[in-house]
Amino acid sequence: MRALILTLLVATGGCYTTGLRFPANVRRVCVPVFGNDTYIRGLEFDLTDRIRGLLLERSPVAITATEAEGDAVIRGKILVCDFPVLVGGRDPKILEGSARAVVEATLVDRATGRVLGRVRGEEQAEFTTPLNETRETALAEVLDELGWK
């Protein structure tokens, strides 16, 4: 997830930089709740909260409550979320599995509607039930990584 935001913001600058970088005219950003094309409800709120938190902690832009207050808008959508089983046991129990998600996002200039940057990210994280890992812990890891992207 980290790579999603970083790529989105760096793509607009045209060169490598550390941290989050926005075009010079973007000082306030609105991040509406991401769309969710999956059957797993609530992911859109978790991902949106992670992105807003990253922007507040690590970027020079302010977060606005409405699109009308912002210079730009980050619009995104969760396209895929699934949980492939990697190793099953003799019983109907998953021993190892993974969580996978695909997300896309755009940075849009609010005044002109011009797309300033576009990214698409995919992440996967494995979990092992004997180590007290679950698909929820793996999904949290995936959403954190996608938030950065």
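Our structure is the block above this text.
Bear in mind the structure is a predicted one, so any value in this text is a computation, not a measurement.

A.B. asks: Lay out the overall build of the protein in plain terms, naming residues and giving numbers.
C.D. replies: When helices and strands are counted, the protein shows three helices and seven strands. For the protein, the α and β elements follow one another from N to C terminus as α-β-β-α-β-β-β-β-β-α. Looking at the protein as a whole, 42% of its 149 residues are labelled buried. For the protein, the proportion of contacts with a sequence separation of at least 24, taken over those separated by at least 6, is 67%. Counting only carbon and sulfur atoms, one obtains 50% of the accessible surface of the protein, whose full area is about 8,100 Å².

A.B. asks: Outline the nonpolar core, listing residues and values.
C.D. replies: Within the largest apolar cluster, 28 residues are counted, with the highest numbers of intra-cluster contacts made by Phe-22, Val-26, Val-29, Val-31, Phe-34, Leu-47 and Ile-74. Among the elements of the structure, helix H2 (43-58), strand E4 (72-82), strand E6 (94-109), strand E7 (115-128) and helix H3 (135-148) are those that each provide at least two residues to this core. Look past the residues within four positions of Val-31 in its chain and what remains in contact with it is Thr-48, Ile-51, Arg-52, Leu-55, Ile-63 and Ile-74.

A.B. asks: Which residues make up H3, and what are the values?
C.D. replies: At 3.6 residues per turn, the α-helix brings residues three or four places apart onto the same side. When the terminal C-alpha atoms of H3 are compared, their 20 Å separation across 14 residues agrees well with the 20 Å that a helix rising 1.5 Å per residue should span. Among all positions in H3, only Ala-138, Leu-139, Val-142, Leu-143, Leu-146, Gly-147 and Trp-148 are buried. The N-cap of H3, judged by a side-chain oxygen 3.2 Å from the amide nitrogen of Glu-136 a few residues on, is Thr-134.

A.B. asks: Describe a nonpolar patch on the surface, with residues and values.
C.D. replies: A surface patch of nonpolar side chains, amounting to about 210 Å² of accessible area, comprises Leu-86, Val-87 and Leu-95. Within the secondary structure, Leu-95 is located in strand E6.

A.B. asks: So what's going on with the packing of H2 against H3? Residues and values would help.
C.D. replies: With their axes 9 Å apart at the nearest point, H2 and H3 run at an angle of 45 degrees to one another. Considering the angle they form, H2 stands oblique to H3. Crossing geometry of H2 relative to H3 is assigned as right-handed. For the pair H2 and H3, the contacting residues are Leu-43, Asp-46, Leu-47, Arg-50, Ile-51, Leu-54 and Arg-58 in the first and Leu-139, Ala-140, Leu-143, Asp-144, Gly-147 and Trp-148 in the second.

A.B. asks: Which residues make up the pairing of E7, and what are the values?
C.D. replies: Sheet topology note: the E6/E7 ladder contains 13 bridges and is antiparallel. What sits directly across from Thr-106, in E7, is Arg-118. Where E6 folds back on E7, the antiparallel hairpin that results is connected by five residues, among which Gly-113 adopts a positive phi of roughly 80 degrees.

A.B. asks: Give a description of the pattern of salt bridges that names residues and reports values.
C.D. replies: The full count for this structure, using the stated rule, is seven salt bridges. In this structure, Asp-82 engages Arg-100 in a salt bridge whose closest nitrogen and oxygen atoms are separated by 3.0 Å. You can see Asp-82 sitting in strand E4 and its partner Arg-100 sitting in strand E6, a full 18 residues away along the chain. Classification of Asp-82 by relative accessible area gives partly exposed; the value is 26%. Through salt bridges with shared partners, one network takes in Asp-82, Arg-100 and Glu-122.

A.B. asks: Can you tell me about unusual backbone geometry, naming the residues and giving the values?
C.D. replies: Of note in the backbone geometry, Asn-132 takes a positive phi value of approximately 65 degrees without being a glycine. Relative to the assigned elements, Asn-132 resides in the loop between E7 and H3.

Cut-offs and rules
Residues numbered from 1 in each chain as written. Predicted model: local features only at pLDDT ≥ 70, side-chain atom pairs only at ≥ 80, totals over all residues. Heavy atoms only, no water. Helix = DSSP H or I, 4+ residues; strand = E, 2+ residues; numbered from the N terminus. Buried < 20%, exposed > 50% of the residue type's maximum accessible area, 1.4 Å probe, protein only. Contact = heavy atoms within 4.5 Å. Areas by Shrake-Rupley, 256 points an atom, 1.4 Å probe, with all protein chains shown as cover. Core = buried A, V, L, I, M, F, W, Y, C linked by side-chain atoms within 4.5 Å. Expected span 1.5 Å × (residues − 1). Polar contact = N/O pair within 3.5 Å; in protein donor to acceptor, adjacent residues only side chain to side chain. Patch = residues over 30% accessible without salt bridge, like charges linked within 9 Å, V, L, I, M, F, W, Y side chains within 5 Å. Salt bridge = Lys/Arg side-chain N within 4 Å of Asp/Glu carboxyl O. Axes fitted to C-alpha atoms, helices over the stretch in contact; angles between N-to-C directions. Parallel < 35°, antiparallel > 145°, perpendicular 65-115°, else oblique. Left-handed = near helix turned anticlockwise from the far one by under 90°. Pairing = 2+ DSSP bridges.

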